[in-house]
Amino acid sequence: MENLIVELSKYLMILLFACYTFICFHVLNGKKSQRRQKRILKKQTKLIFLIHLNAFAVIFAMQKTENVLIAYVMQAALLACILVIYKYIYKRASGLVVNNMCMLLAIGFIMLYRLNPDKAVRQYEIAVAAVAVTLIVPFFIHKLHFLDRLTWLYAACGIALLASVAVLGSVSYGAKLSFTVAGIAVQPSEFVKLLFVFFTASMLSKSTEFPQVAKATAVAAIHVLILVVSKDLGAALIFFITYLVMLYVATRSPVYFISGFVCGSAASVVAYKLFRHVRVRVSAWKDPLAVINDEGYQVSQSLFAIGTGGWFGMGLYQGMPNKIPIVEEDFIFAAVSEELGGIFAVCLIMVCASCYLMFLNIAMQMHDPFYKLIALGLGTVYGFQVVLTVGGVTKFIPSTGVTLPLVSYGGSSLLSTFLLFAVIQGLYILREEETKV
């Protein structure tokens, strides 16, 4: 009986998620009346809860414990709370961005509860705290008009936080990523990404003359170098690409872009020569099966999982995703592909892409260059992190050890992504008011 439930469930989830994904791009089209768009977004909201309910019905059928029902109710209540808050408190907020945030969070809850219920409970607790902390952020973005004047405060805080990790951080998988405060592991680079975007936007919105660009580049280089010293090369790459994109858009100078690209390429070669764990990851990327018993094990298991799942997946609890080391964090996309299928995984990428396109849409329609660059920078941070995660899991690029936003396990990653989405909502509300005027 359980096998029949699992088999029917996986096809239903694929169908529901495909419908959800179609609506994402249907809404982005933007040629519908507000009333019709709200009706479409309500349908999308129902799909979130149907997918969540469907998955937890399977989880309950397999585990048959009361804890599953409690977890389902609490998670559904949190998702409903987020949707209600943005609907009634921030009436001009983007319904698509809210829905996508809830959808990705729901998929994360589903996969984490299937992989490790204890981590799923912890993720839920962090999500509750994140909602409480970030609820006021859109209001601040909307009301505070001096954020562009805090340029050097953003830089000082960011550099200090990264330096504290380089000095005090604990080594994890060959890199200094976090330190512990009151028993809680904190990864500052997740939050410094946001400060870095605010710093860069503040600098480049004031002037794009060479002296100003030189100052911004010097501070950006300090951020990246500290991350390199900490061997957090995944975060360093995100900072570098984000700065390069923001610089190019602000100055529209191909010289800066090409120079940055050449310098980044040279730095990659130097990092390969200097750091053993970089050489290990490149070796695992080039031919993971040749080193399957050593550094290639994680990537090989990821590829086996994706290949085994095929287009329609094995179904929840029918695969073996736990054979992939740290699957809940860096390689959760492989678990999704194995058990929910390639179609579901492609839809997941498309939902992330719709978030990125929405961020770019906001950036293009903002009048203030400071807010325009913030939207662009945050969109680049989010989009490039998704590319790094999915690329590493599928062997498209070497693994960089970054998480899939809102889906992977990780408190700092989850909270920083909630902050990112909250800032974007504040910018969207500003944009809506500018349009009304």
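To be clear, the structure that these remarks concern was listed above.
Let me begin by describing the structure that accompanies this report. Just so you know, these numbers come straight off a predicted model, no measurement behind them.

1. Observations concerning the overall build of the protein chain
Phase 1: Broken down by element type, the protein chain carries 17 helices and three strands.
Phase 2: Over its C-alpha atoms the protein chain spans a radius of gyration of 21 Å, differing by no more than 12% from the 22 Å that the globule rule assigns to 437 residues.
Phase 3: Within the protein chain, buried positions represent 52% of all 437 residues.
Phase 4: Of the contacts formed within the protein chain by residues at least 6 apart in sequence, a portion of 74% connects residues at least 24 apart.
Phase 5: Element-wise, carbon and sulfur atoms account for 67% of the exposed surface of the protein chain, whose accessible area totals about 19,300 Å².
Phase 6: Mean positive and mean negative side-chain charge positions of the protein chain (35 and 21 charges, respectively) differ by 10 Å.

2. Considering a positive patch on the surface
Phase 1: On the surface, Arg35, Arg36, Lys38, Arg39, Lys42, Lys43, Lys46 and Lys87 cluster together to form a positively charged patch.
Phase 2: Residue contributions to the positive patch peak at seven residues, all from helix H2 (residues 34-63).
Phase 3: Position of lysine 42 relative to the elements: it lies in helix H2.

3. Side note on the packing of helix H7 (residues 151-168) against helix H9 (residues 210-229)
Phase 1: The geometry of H7 relative to H9 is characterised by a closest axis approach of 9 Å and an angle of 15° between their N-to-C directions. It follows that H7 is roughly parallel to H9 by the angle criterion. Crossing hand, H7 versus H9: left-handed. For the pair H7 and H9, the contacting residues are Trp152, Ala155, Gly158, Ile159, Leu162, Ala163 and Ala166 in the first and Val219, Ile222, His223, Ile226 and Leu227 in the second.
Phase 2: Across the contact of H7 with H9, the residue classes break down as 10 nonpolar, two polar and no charged.

4. Here we look at unusual backbone geometry
Trans is the prevailing form of peptide bonds, just as negative phi is the prevailing case for residues other than glycine.
Phase 1: Even without being a glycine, tyrosine 317 presents a positive backbone phi close to 70°.
Phase 2: Counting through the fold element by element, tyrosine 317 comes out in the loop between helix H13 (297-309) and helix H14 (332-340).
Phase 3: Located in the positive-phi region is lysine 395, a residue other than glycine, with phi close to 65°.
Phase 4: Position of lysine 395 among the secondary structure elements: in the loop between helix H16 (369-393) and helix H17 (411-436).

5. Notes on H9
Phase 1: Between its terminal C-alpha atoms H9 stretches 28 Å, which fits the 28 Å expected from 20 residues at 1.5 Å a residue.
Phase 2: Among the residues of H9, Gln212, Val213, Ala216, Val219, Ala220, His223, Val224, Ile226 and Leu227 are the ones counted as buried. The buried residues of H9 occupy an angular sector of 160° when the element is viewed end-on, so they sit on one face. Residues of H9 that are exposed and point over 90 degrees away from its buried face: Phe210, Pro211, Leu225 and Val229.
Phase 3: On the buried face of H9, the contacting elements are H7, helix H8 (189-206), helix H10 (233-251) and helix H11 (254-274).
Phase 4: One or two steps after H9, the chain reaches lysine 231, where phi turns positive at roughly 65°.

Reading guide: rules and limits
- Sequence order as written defines the numbering, with residues in each chain counted from 1.
- At least 70 in pLDDT is required for a residue's local features to be given in this predicted model, at least 80 for side-chain atom pairs to be given and counted, and no such filter applies to totals for whole chains, interfaces and linings, which use all residues.
- Derived side-chain values reflect all non-hydrogen atoms in the structure, with water molecules and hydrogen atoms excluded from consideration.
- Segments assigned H or I by DSSP are reported as helices when at least four residues long, segments assigned E as strands when at least two residues long, and all are numbered from the N terminus.
- Atoms considered for the radius of gyration are the C-alpha atoms alone. The globule rule reads 2.2 Å times the number of residues to the power 0.38.
- Exposed residues in this analysis have more than 50% of their type's maximum accessible area, buried residues have under 20%, and partly exposed residues fall in between, with area computed by a 1.4 Å probe over protein chains only.
- It only takes one pair of heavy atoms within 4.5 Å for two residues to be counted as in contact.
- All accessibility values rest on the Shrake-Rupley procedure with a 1.4 Å probe; residue burial counts only the protein chains present in the view.
- The positive count covers Lys and Arg only, the negative count covers Asp and Glu only, and His and the chain ends enter neither.
- Positions of charges follow a simple convention, taking NZ of Lys, CZ of Arg, CG of Asp or CD of Glu.
- Like charges are joined within 9 Å and nonpolar side chains (Val, Leu, Ile, Met, Phe, Trp, Tyr) within 5 Å, but only among residues with over 30% relative accessible area and no salt bridge; these make up the patches.
- The salt bridge criterion pairs a side-chain nitrogen of Lys or Arg with a carboxyl oxygen of Asp or Glu, the two atoms within 4 Å.
- In this analysis an axis means a line fitted to C-alpha atoms, helices contributing only their contacting stretch, and an angle means the value between N-to-C directions, from 0 to 180 degrees.
- With respect to orientation, any angle under 35 degrees is reported as roughly parallel, any angle over 145 as roughly antiparallel, any angle of 65 to 115 as roughly perpendicular, and every other angle as oblique.
- Crossing handedness follows the turn of the near helix against the far one: under a right angle anticlockwise gives a left-handed crossing, and clockwise gives a right-handed one.
- Nonpolar residues are Ala, Val, Leu, Ile, Met, Phe, Trp, Tyr, Cys and Pro. Charged residues are Asp, Glu, Lys and Arg, and all others, Gly as well, are polar.
- Expected helix span is given by 1.5 Å per residue-to-residue step, counting one fewer step than there are residues.
- Think of it as the arc spanned by the lines of direction from the helix axis to the C-beta atoms.

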